[in-house]
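Listed here are the chains, written in short residue letters.
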Amino acid sequence: MDELLNDVVPQEDLERFEKKYHHELELDGEVTSETKFEYAFCLVRSRYTNDIRKGIMFLEDLARTHPDGRRDYIYYLAFGNARIKNYTEGLKYCKAFLEIESNDQVRSLEEYIKKQSDKEIAKGMAVAGGAALVLGGILGLGIAMSRNKQKRDK
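In what follows, the accompanying structure is described. (Residues numbered from 1 in each chain as written. Predicted model: local features only at pLDDT ≥ 70, side-chain atom pairs only at ≥ 80, totals over all residues. Heavy atoms only, no water.)

### Considering the packing of aromatic side chains
Argument step 1. The full count for this structure, using the stated rule, is 11 aromatic pairs.
Argument step 2. Note on Tyr-76 and Phe-79: the rings are 5.9 Å apart at their centroids and 75 degrees apart in plane angle, and the pair reads as edge-to-face. Of this pair, Tyr-76 and Phe-79 both sit in helix α5 (residues 70-83), 3 residues apart, which is roughly one turn of the helix. For the residue pair Tyr-76 and Phe-79, the accessibility class agrees, reading buried in each case.
Argument step 3. Within the aromatic cluster, the residues linked to one another by ring pairs are Phe-37, Phe-41, Tyr-73, Tyr-75, Tyr-76, Phe-79 and Phe-97. (Phe/Tyr/Trp six-rings, centres within 6.5 Å; stacked < 30°, edge-to-face > 60°. Helix = DSSP H or I, 4+ residues; strand = E, 2+ residues; numbered from the N terminus. Buried < 20%, exposed > 50% of the residue type's maximum accessible area, 1.4 Å probe, protein only.)

Here you go:
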């Protein structure tokens, strides 16, 4: 799953679908759902977080307005959210997809997201624990210094 999530879209593909998207927008004032999906698909596979977020916004809009492609939109919403480490949303979309149909790739993505989320929680707990130890040490040192000063003043 790491390999799939770390695979980035070639820049030429991203530029080609971006150009197609903007061309349709300029000509008709709107874009077909197919073109919007192709561009969003490229964006969620970009190396840049802002592109991924933009792709997620397009996919959310497509999922709301075009129920016929909802399955694909939901999968790439889970995928995009996993890529930007938004694990809560990624899990939400995995579960939504699995309600529509059973799929091994989505189950693998769901397991991957759960493992990554657990790792992030463990890191957070380790940082918080380290900070508590440092704070405790500083407080202990402060108390010891205060007592030492009181003894000297007597």
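Next comes the rest of the account.
### What about the pattern of salt bridges?
Argument step 1. What the rule picks out here adds up to 7 salt bridges.
Argument step 2. The salt bridge partner of Arg-16 is Asp-13, with a shortest N-O separation of 2.8 Å. In this pair, Arg-16 and Asp-13 are both assigned in helix α2 (residues 11-28), 3 residues apart and thus about one turn of the helix distant.
Argument step 3. Residue Asp-13 is classed as partly exposed on the basis of its relative accessible area, which comes to 24%.
Argument step 4. When the shortest N-O distance is used, the salt bridge between Arg-64 and Asp-61 registers 3.6 Å. Highlighted residues: Arg-64 and Asp-61, both in helix α4 (residues 49-65), separated by 3 residues, approximately one helical turn.
Argument step 5. On the basis of relative accessibility, which here comes to 23%, the residue Asp-61 falls in the partly exposed class.
Argument step 6. Each of Lys-36, Asp-61 and Arg-64 takes part in one network of salt bridges that share partners. (Salt bridge = Lys/Arg side-chain N within 4 Å of Asp/Glu carboxyl O.)

### Focus on the nonpolar core
Side chains of a nonpolar character, in soluble globular proteins, are inclined to be buried together.
Argument step 1. By size, the foremost hydrophobic cluster in this structure holds 37 residues, and its most contacted members are Tyr-39, Leu-59, Tyr-75, Tyr-76, Leu-109 and Ile-113.
Argument step 2. Contributions of two or more residues to this core are made by α2, α3 (33-43), α4, α5, α6 (87-100) and α7 (104-153).
Argument step 3. No other element matches the 8 residues that α5 contributes to this core.
Argument step 4. Every residue in contact with Tyr-39, bar those within four places of it in the chain, is listed here: Leu-14, Phe-17, Glu-18, Tyr-21, His-22, Lys-54 and Phe-58. (Core = buried A, V, L, I, M, F, W, Y, C linked by side-chain atoms within 4.5 Å. Contact = heavy atoms within 4.5 Å.)

### Some words on the environment of Ser-102
Argument step 1. You can see Ser-102 is positioned in the loop between α6 and α7.
Argument step 2. The class for Ser-102 is exposed, based on a relative accessible area of 53%.
Argument step 3. In terms of polar contacts, Ser-102 uses its side chain to reach the side chain of Arg-107, at 3.0 Å. (Polar contact = N/O pair within 3.5 Å; in protein donor to acceptor, adjacent residues only side chain to side chain.)

### With respect to the environment of Lys-85
Argument step 1. Looking at the element boundaries, Lys-85 is found in the loop between α5 and α6.
Argument step 2. For Lys-85, a relative accessible area of 54% translates into the label exposed.

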